[in-house]
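# Structural characterization, general
Each chain, written out:
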Amino acid sequence: MKMQKQILVIPDVHGYDYFPIKGFTKYDKIIFLGDYWDSFDKSFSEQLDIFEKIILIKEHLGDKAILLWGNHDYHYYNTSGKHRCSGYQDSNAGVIHQYMKQHEKLFKFVHVEEVDKDTYFLFSHAGVTDTLLYEVTNNYDFDIPVYDFINDNGHNFKALFYCSSVNGGRNPYDGLMWVRPNELLNDPIADGECWVQVVGHTFDNYPRIKFHNRNEDVLFIDSQKPIELWLGEDTK
(Lines give C-alpha, C1' and ligand atoms only; values in the text may rest on other atoms or scores of the structure.)
Protein backbone atom coordinates (compact mmCIF):
# COMPACT_ATOMS: atom_id res chain seq x y z
CA MET A 1 0.00 0.00 0.00
CA LYS A 2 1.36 3.42 -0.98
CA MET A 3 0.03 6.47 0.85
CA GLN A 4 0.07 10.11 -0.17
CA LYS A 5 2.27 12.51 1.77
CA GLN A 6 0.34 15.46 3.14
CA ILE A 7 2.56 18.53 3.39
CA LEU A 8 1.85 22.04 4.64
CA VAL A 9 4.09 24.66 3.03
CA ILE A 10 4.45 28.08 4.64
CA PRO A 11 5.96 30.83 2.47
CA ASP A 12 7.82 33.96 3.56
CA VAL A 13 6.77 34.82 7.11
CA HIS A 14 8.17 38.34 7.71
CA GLY A 15 6.68 38.48 11.20
CA TYR A 16 3.14 37.49 10.19
CA ASP A 17 1.14 34.94 12.12
CA TYR A 18 -0.78 33.50 9.16
CA PHE A 19 0.04 29.86 9.80
CA PRO A 20 -1.81 27.61 12.29
CA ILE A 21 -0.19 26.92 15.64
CA LYS A 22 -2.35 23.84 16.25
CA GLY A 23 -3.23 20.96 13.95
CA PHE A 24 0.28 20.34 12.68
CA THR A 25 0.28 16.69 13.69
CA LYS A 26 -2.01 15.68 10.82
CA TYR A 27 0.71 16.56 8.29
CA ASP A 28 3.62 14.37 7.27
CA LYS A 29 5.78 17.47 6.89
CA ILE A 30 5.58 21.20 7.68
CA ILE A 31 7.94 23.20 5.47
CA PHE A 32 8.79 26.86 6.08
CA LEU A 33 10.38 28.55 3.05
CA GLY A 34 12.31 31.14 5.06
CA ASP A 35 12.33 34.93 5.52
CA TYR A 36 11.24 34.91 9.14
CA TRP A 37 12.54 38.46 9.74
CA ASP A 38 12.08 41.98 8.35
CA SER A 39 8.73 43.65 7.93
CA PHE A 40 7.44 47.08 6.97
CA ASP A 41 4.56 46.94 9.46
CA LYS A 42 5.45 44.40 12.15
CA SER A 43 7.53 45.49 15.14
CA PHE A 44 10.69 43.68 16.15
CA SER A 45 8.93 42.23 19.21
CA GLU A 46 6.16 40.84 16.98
CA GLN A 47 8.73 39.32 14.61
CA LEU A 48 10.61 37.79 17.53
CA ASP A 49 7.43 36.32 18.98
CA ILE A 50 6.61 34.58 15.68
CA PHE A 51 10.19 33.38 15.26
CA GLU A 52 10.17 31.83 18.72
CA LYS A 53 6.86 30.08 17.93
CA ILE A 54 8.42 28.61 14.79
CA ILE A 55 11.43 27.36 16.75
CA LEU A 56 9.07 25.70 19.26
CA ILE A 57 7.22 24.02 16.39
CA LYS A 58 10.52 22.66 15.06
CA GLU A 59 11.66 21.46 18.47
CA HIS A 60 8.30 19.77 19.06
CA LEU A 61 7.97 18.10 15.66
CA GLY A 62 11.64 17.35 14.98
CA ASP A 63 12.26 16.05 11.44
CA LYS A 64 8.60 16.58 10.52
CA ALA A 65 9.24 20.35 10.50
CA ILE A 66 11.65 21.79 7.92
CA LEU A 67 13.02 25.32 8.34
CA LEU A 68 14.71 26.77 5.26
CA TRP A 69 17.01 29.76 5.08
CA GLY A 70 15.78 32.94 3.37
CA ASN A 71 17.81 35.96 2.30
CA HIS A 72 16.18 38.04 5.06
CA ASP A 73 17.47 35.54 7.62
CA TYR A 74 20.91 34.95 6.22
CA HIS A 75 21.93 38.61 6.24
CA TYR A 76 21.73 38.44 10.05
CA TYR A 77 23.49 35.10 10.36
CA ASN A 78 26.42 36.23 8.19
CA THR A 79 27.61 39.59 9.47
CA SER A 80 30.06 40.32 6.64
CA GLY A 81 27.59 42.76 5.05
CA LYS A 82 27.86 41.00 1.67
CA HIS A 83 24.38 39.50 1.93
CA ARG A 84 22.47 42.52 3.20
CA CYS A 85 19.12 43.28 1.60
CA SER A 86 16.19 45.66 2.02
CA GLY A 87 14.47 45.83 5.38
CA TYR A 88 17.66 45.17 7.35
CA GLN A 89 17.11 46.15 10.99
CA ASP A 90 20.35 47.78 12.11
CA SER A 91 19.17 48.43 15.64
CA ASN A 92 18.14 44.80 16.19
CA ALA A 93 20.72 43.07 14.01
CA GLY A 94 22.90 41.94 16.91
CA VAL A 95 20.04 40.28 18.74
CA ILE A 96 18.74 38.57 15.59
CA HIS A 97 22.26 37.37 14.80
CA GLN A 98 22.45 35.71 18.20
CA TYR A 99 19.12 33.96 17.60
CA MET A 100 20.20 32.70 14.18
CA LYS A 101 23.56 31.48 15.46
CA GLN A 102 21.92 29.79 18.45
CA HIS A 103 19.53 27.85 16.20
CA GLU A 104 21.62 27.53 13.02
CA LYS A 105 21.57 23.71 13.04
CA LEU A 106 17.78 23.76 12.72
CA PHE A 107 17.93 25.37 9.25
CA LYS A 108 18.53 23.92 5.79
CA PHE A 109 19.11 25.44 2.36
CA VAL A 110 17.03 22.91 0.41
CA HIS A 111 14.69 20.03 1.09
CA VAL A 112 13.79 17.14 -1.24
CA GLU A 113 10.73 14.91 -1.07
CA GLU A 114 10.73 11.85 -3.31
CA VAL A 115 7.38 11.03 -4.91
CA ASP A 116 8.58 7.97 -6.83
CA LYS A 117 11.87 6.72 -8.23
CA ASP A 118 12.26 9.53 -10.77
CA THR A 119 9.92 12.32 -9.55
CA TYR A 120 10.91 14.73 -6.80
CA PHE A 121 9.66 17.88 -5.08
CA LEU A 122 12.42 20.40 -4.35
CA PHE A 123 11.77 23.08 -1.73
CA SER A 124 13.97 26.16 -1.34
CA HIS A 125 13.57 29.85 -0.64
CA ALA A 126 13.84 31.20 -4.19
CA GLY A 127 14.71 28.22 -6.40
CA VAL A 128 17.57 26.18 -7.82
CA THR A 129 18.74 26.78 -11.38
CA ASP A 130 20.67 24.37 -13.56
CA THR A 131 23.49 26.94 -13.63
CA LEU A 132 23.81 26.77 -9.85
CA LEU A 133 23.83 22.96 -9.84
CA TYR A 134 26.52 22.97 -12.53
CA GLU A 135 28.62 25.33 -10.40
CA VAL A 136 28.41 22.97 -7.41
CA THR A 137 28.87 19.65 -9.20
CA ASN A 138 31.77 20.83 -11.34
CA ASN A 139 33.76 22.55 -8.61
CA TYR A 140 33.47 20.10 -5.72
CA ASP A 141 34.06 16.39 -5.26
CA PHE A 142 31.51 14.50 -3.18
CA ASP A 143 29.91 11.07 -3.00
CA ILE A 144 26.52 11.94 -1.48
CA PRO A 145 23.38 13.38 -3.14
CA VAL A 146 24.03 16.92 -4.32
CA TYR A 147 21.30 18.45 -2.17
CA ASP A 148 22.66 16.77 0.96
CA PHE A 149 26.05 18.20 0.03
CA ILE A 150 24.56 21.69 -0.33
CA ASN A 151 22.91 21.45 3.09
CA ASP A 152 26.10 20.17 4.73
CA ASN A 153 28.43 22.71 3.11
CA GLY A 154 26.23 25.55 1.89
CA HIS A 155 27.76 28.23 4.10
CA ASN A 156 30.98 27.82 2.09
CA PHE A 157 29.38 28.11 -1.37
CA LYS A 158 29.51 31.69 -2.60
CA ALA A 159 27.30 30.84 -5.56
CA LEU A 160 24.36 30.00 -3.30
CA PHE A 161 24.25 33.65 -2.26
CA TYR A 162 24.99 35.25 -5.63
CA CYS A 163 22.91 38.35 -6.32
CA SER A 164 22.85 39.51 -9.94
CA SER A 165 21.95 42.87 -11.46
CA VAL A 166 18.31 41.67 -11.58
CA ASN A 167 18.29 42.12 -7.81
CA GLY A 168 20.72 45.03 -7.59
CA GLY A 169 23.87 42.95 -7.16
CA ARG A 170 27.03 42.37 -9.21
CA ASN A 171 27.24 38.59 -9.49
CA PRO A 172 26.86 36.79 -12.86
CA TYR A 173 23.63 35.02 -11.83
CA ASP A 174 21.36 34.57 -8.81
CA GLY A 175 21.72 31.84 -6.21
CA LEU A 176 18.95 30.04 -4.36
CA MET A 177 18.37 32.99 -2.01
CA TRP A 178 17.74 35.47 -4.82
CA VAL A 179 16.66 33.95 -8.15
CA ARG A 180 13.45 35.39 -9.57
CA PRO A 181 10.66 33.55 -11.44
CA ASN A 182 11.72 34.39 -15.00
CA GLU A 183 15.32 33.34 -14.36
CA LEU A 184 14.22 30.14 -12.67
CA LEU A 185 11.85 29.21 -15.49
CA ASN A 186 14.49 29.92 -18.13
CA ASP A 187 17.14 27.76 -16.45
CA PRO A 188 15.40 24.51 -15.40
CA ILE A 189 17.22 21.59 -13.82
CA ALA A 190 18.42 19.31 -16.61
CA ASP A 191 19.54 16.12 -14.87
CA GLY A 192 17.01 13.78 -16.50
CA GLU A 193 14.76 13.54 -13.43
CA CYS A 194 11.28 15.02 -13.09
CA TRP A 195 11.28 17.96 -10.64
CA VAL A 196 8.61 20.13 -9.10
CA GLN A 197 10.17 23.12 -7.37
CA VAL A 198 8.24 24.89 -4.60
CA VAL A 199 9.53 28.38 -3.81
CA GLY A 200 8.69 31.67 -2.13
CA HIS A 201 10.73 34.92 -2.27
CA THR A 202 8.75 36.78 -4.98
CA PHE A 203 5.36 37.98 -3.75
CA ASP A 204 2.20 37.32 -5.72
CA ASN A 205 -1.43 37.62 -4.67
CA TYR A 206 -2.12 33.98 -5.46
CA PRO A 207 -0.04 30.80 -5.61
CA ARG A 208 0.67 29.84 -9.22
CA ILE A 209 2.27 26.96 -11.03
CA LYS A 210 4.31 27.20 -14.20
CA PHE A 211 4.71 24.11 -16.36
CA HIS A 212 7.86 23.30 -18.30
CA ASN A 213 8.62 20.98 -21.17
CA ARG A 214 11.98 19.99 -19.69
CA ASN A 215 10.81 17.76 -16.84
CA GLU A 216 10.34 20.62 -14.40
CA ASP A 217 7.38 22.50 -12.97
CA VAL A 218 7.62 25.40 -10.53
CA LEU A 219 5.07 26.32 -7.87
CA PHE A 220 5.42 29.92 -6.67
CA ILE A 221 3.62 30.39 -3.35
CA ASP A 222 4.78 33.65 -1.71
CA SER A 223 1.23 34.88 -1.17
CA GLN A 224 1.11 35.01 2.66
CA LYS A 225 -1.05 31.90 2.65
CA PRO A 226 -0.05 28.37 3.66
CA ILE A 227 -0.77 25.75 1.02
CA GLU A 228 -1.40 22.04 1.39
CA LEU A 229 0.25 19.58 -0.99
CA TRP A 230 -0.56 15.92 -1.43
CA LEU A 231 2.41 14.14 -2.97
CA GLY A 232 2.08 10.84 -4.77
CA GLU A 233 -0.84 8.54 -5.43
CA ASP A 234 -2.95 7.01 -2.70
CA THR A 235 -2.99 3.32 -3.62
CA LYS A 236 -4.20 0.37 -1.59
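Provided above is the structure to which this section pertains.
Below is a summary of the structure that appears in this document. Quick caveat, the model's predicted, so the values are computed rather than measured. (Residues numbered from 1 in each chain as written. Predicted model: local features only at pLDDT ≥ 70, side-chain atom pairs only at ≥ 80, totals over all residues. Heavy atoms only, no water.)

### Concerning the overall build of the chain
- Helices and strands together make up the secondary structure of the chain, namely six helices and ten strands.
- A compact globule built from 236 residues would reach a C-alpha radius of gyration of about 18 Å, and the chain, at 17 Å, matches this within 12%.
- Dimensions along the principal axes, computed over C-alpha positions, put the chain at roughly 50 × 45 × 35 Å.
- Sequence-distant contacts in the chain: of pairs separated by 6 or more residues, those separated by 24 or more amount to 59%.
- Surface exposure of the chain reaches about 11,800 Å², of which carbon and sulfur atoms provide 47%.
- Between the mean site of the 23 positive side-chain charges and the mean site of the 36 negative ones, the chain shows a separation of 3 Å. (Helix = DSSP H or I, 4+ residues; strand = E, 2+ residues; numbered from the N terminus. Rg over C-alpha atoms; globule rule 2.2 N^0.38 Å. Contact = heavy atoms within 4.5 Å. Areas by Shrake-Rupley, 256 points an atom, 1.4 Å probe, with all protein chains shown as cover. Lys, Arg positive; Asp, Glu negative; His and termini not counted. Charge placed at Lys NZ, Arg CZ, Asp CG, Glu CD.)

### Here's the deal with helix H4 (residues 130-137)
- Residues of H4 that are buried: Leu-132, Leu-133 and Val-136. Here the buried residues of H4 occupy an arc of 100 degrees about the axis, which is enough to place them on one side.
- Tucked inside the fold, the buried residues of H4 contact helix H5 (146-153). (Buried < 20%, exposed > 50% of the residue type's maximum accessible area, 1.4 Å probe, protein only. Arc of directions from axis to C-beta.)

### Let's talk about helix H1 (residues 44-61)
- Spanning 18 residues, H1 covers 26 Å between terminal C-alpha atoms, matching the ideal 26 Å at 1.5 Å per step.
- Of the residues making up H1, those classed as buried are Phe-44, Gln-47, Leu-48, Ile-50, Phe-51, Ile-54, Ile-55, Ile-57, Lys-58 and Leu-61.
- Residues of H1 that are buried make contact with strand E2 (29-32), strand E3 (65-68), helix H3 (93-102) and strand E4 (107-108).
- Immediately beyond the C-terminal end of H1, within one or two residues, lies Gly-62, with a positive phi of roughly 65 degrees. (Expected span 1.5 Å × (residues − 1).)

### Let's talk about the sheet that holds strand E10 (residues 227-231)
- The five strands lie next to each other as E4-E3-E2-E1-E10, forming an open sheet whose pairing is mixed. Each having just a single partner strand, E4 and E10 make up the two edges of the open sheet.
- Note that E2 and E3 share three bridges and pair parallel. Across the sheet, residue Ile-31 finds its bridge partner in E3, namely Ile-66.
- Helix-sheet contacts for H1 involve E2, E3 and E4, and the interaxial angle to E3 is about 135 degrees. (Pairing = 2+ DSSP bridges. Axes fitted to C-alpha atoms, helices over the stretch in contact; angles between N-to-C directions.)

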